2 protein chains.
Amino acid sequence: MSDAPSLKQISLNQITTEQWTLEEAVQGCVRQEISWISVWRHKLQEVGLTKSKKLINDAGLRVSSLCRGGMFPAATAAERRERIEDNKKAIEEAAELNTDVLVLVCGPAPDRNIESARKWVEEGIEELIPYAAQHGVKLGIEPLHPMYAADRSVISTLGQANTISENMKTDQVGVVVDVFHVWWDPELYKEISRAGQNILGFHVSDWAVPLPDIFKGRSMMGDGVIEIRKMRKAVESAGYHGPIEVEIINQAIWNQPGDETLNQMKKSFIEHV
Amino acid sequence: MSDAPSLKQISLNQITTEQWTLEEAVQGCVRQEISWISVWRHKLQEVGLTKSKKLINDAGLRVSSLCRGGMFPAATAAERRERIEDNKKAIEEAAELNTDVLVLVCGPAPDRNIESARKWVEEGIEELIPYAAQHGVKLGIEPLHPMYAADRSVISTLGQANTISENMKTDQVGVVVDVFHVWWDPELYKEISRAGQNILGFHVSDWAVPLPDIFKGRSMMGDGVIEIRKMRKAVESAGYHGPIEVEIINQAIWNQPGDETLNQMKKSFIEHV
């Protein structure tokens, strides 16, 4: 008997092979028999949407999510309007790539007022709901680790993401659970259970000690202290059985050949996820 | 009218002038008319307890807290026993220095099991209560930023610290609020209010963007994004009116003359705390 997840669930989050173009990542997945990929928009833009779609479809890959929408708070109403428009574009791209999840990294405050920023996040998500529904795309609020509260997202806990998601009163909005961001939370398992069917994605990596870097500090599963398997079982119990994205932002991993990374990913996935 | 706190409340947390010995820090406080100091145990050990006490008393300084007890979790029962004994020694030192607060940095897990580590923290604190009471010293649980959950403390939120403190059902245990550790928390103001009279200390610094370093990354008040004044007013409304420690761990600040730091501290305190 094995506790391991099925390799059919593994998804390459494209940031894990940041050194690769989308075409290289797609080819890598084919070579390594990985059937899911999570696409980043800056990689999409390099190739263009039409060609990206063709590359992915021709390879027979499925897209687990598009990274990323969000970044709602901004100093002026005009800038916040631009952010909304950009999110609409991201929704269109997600629909075009046949993924039903747009991951939201909600953004930092433009000033010291974190409360206003959080309000703008809620307003932004609410405004996007009809457009997302029209395109068959769900909005996945990803709480980011509190160490990113000042520069990436004012949504820092799963509890906070759950509350926003629940307040929207629609299946169109849910949450994304990334072990790196939430593992430390004393309320974690309660909040995973509360999220239930609203879990739209599950991301894995690890927290090594000492942390190599604030931004590029994520490690391969098994190389850190996170109880990844326990969390994977918890999200499964809560009702999530979709793809599991390996999302590792780490310069050392970007420096190695992508195929080596994909091989390590699969091995670590079976052993530690 | 001024919203500023009184300079009578400012306390030099000794780590802010890590380049100074205890004697130098005491002399600096006298020169700069700072009447409170928070003493670190590694500095105490350099001089010895008796001489430290004399230095502080002769200078007419008062000790806002002793840093730090805690570090409860360990792999073996024997090691955990040693940690308890060391905490008892810290309680004795705090009593000897006439401070009624021992700050607890509760410690990381020795392995991946964060839940067990949290249990050991609670057990450790509970065991110390009678000894602390006997010595007239209160135990201040300081939640540390979640980015330190793997290497410094498994107590990461004020809510968690409040729950432990309340569970102990004694005035002997309370919480310490450090703006750097808790500013990001969506539950912050609710938890400050909940903490009420159990707040045993208030520490200030700032979170600059980008953060200069994970450990040595704290900045002078005003140089970052934390709403320090709002938080100071909240702890006052909750019932805390004691000394306010300036606790900045930052290599650049350690590299400058200590008197310059003390001057900046006072200026920033009036402007931003």
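- Going by what an unreviewed UniProt entry lists, chain A is known as Sugar phosphate isomerase/epimerase and is assigned to Salibacterium salarium.

**Regarding the interface of chain B and chain A**
Phase 1 of the analysis: Between chain B and chain A, the contact holds 29 residues from the first and 29 residues from the second.
Phase 2 of the analysis: For the pair chain B and chain A, the summed buried area comes to about 2300 Å², and 63% of that belongs to carbon and sulfur atoms.
Phase 3 of the analysis: At the junction of chain B and chain A, the tally comes to two salt bridges.
Phase 4 of the analysis: Put simply, Lys 230 of chain B and Glu 115 of chain A hold a salt bridge, and the shortest N to O gap is 3.0 Å.
Phase 5 of the analysis: At three residues, the largest contribution of residues to the side of chain B that touches chain A is made by helix α5 (residues 114–134) of chain B.

**Some details on the packing of aromatic side chains**
For any pair of aromatic rings, the description consists of the separation of the ring centres together with the inter-plane angle of the planes.
Residues and elements named next belong to chain A.
Phase 1 of the analysis: Applying the stated rule across the entire model yields five aromatic pairs over all chains.
Phase 2 of the analysis: Of the aromatic side chains, those joined through ring pairs into one cluster are Phe 180, Trp 183 and Trp 207.
Phase 3 of the analysis: In this arrangement the basic side chain of Lys 88 is found over the ring face of Tyr 131, its NZ or CZ atom lying 5.4 Å from the centre.

**Description of unusual backbone geometry**
Phase 1 of the analysis: Geometrically, the link from Cys 67 of chain A to Arg 68 of chain A is a cis peptide bond, its omega value of 0° lying close to zero.
Phase 2 of the analysis: In this structure, Arg 68 of chain A sits in strand β3 (residues 62–70).
Phase 3 of the analysis: Residue Pro 210 of chain A is reached from Val 209 of chain A by a cis peptide bond, and omega for that bond is -5°.
Phase 4 of the analysis: Along the chain, Pro 210 of chain A falls in the loop between β8 (206–207) and β9 (218–219).
Phase 5 of the analysis: In this structure, Glu 33 of chain A takes a positive phi of about 55° despite not being glycine.
Phase 6 of the analysis: With respect to the helices and strands, Glu 33 of chain A occurs in the loop between α1 (22–31) and β2 (36–40).
Phase 7 of the analysis: One non-glycine residue, Met 71 of chain B, adopts positive backbone phi at about 50°.

Rules used throughout
Residues numbered from 1 in each chain as written. Chains lettered and ligands numbered in written order. Predicted model: local features only at pLDDT ≥ 70, side-chain atom pairs only at ≥ 80, totals over all residues. Heavy atoms only, no water. Contact = heavy atoms within 4.5 Å. Buried area = accessible area lost by both parts, 1.4 Å probe. Salt bridge = Lys/Arg side-chain N within 4 Å of Asp/Glu carboxyl O. Helix = DSSP H or I, 4+ residues; strand = E, 2+ residues; numbered from the N terminus. Phe/Tyr/Trp six-rings, centres within 6.5 Å; stacked < 30°, edge-to-face > 60°. Lys NZ or Arg CZ within 6 Å of the ring centre and 35° of its normal.

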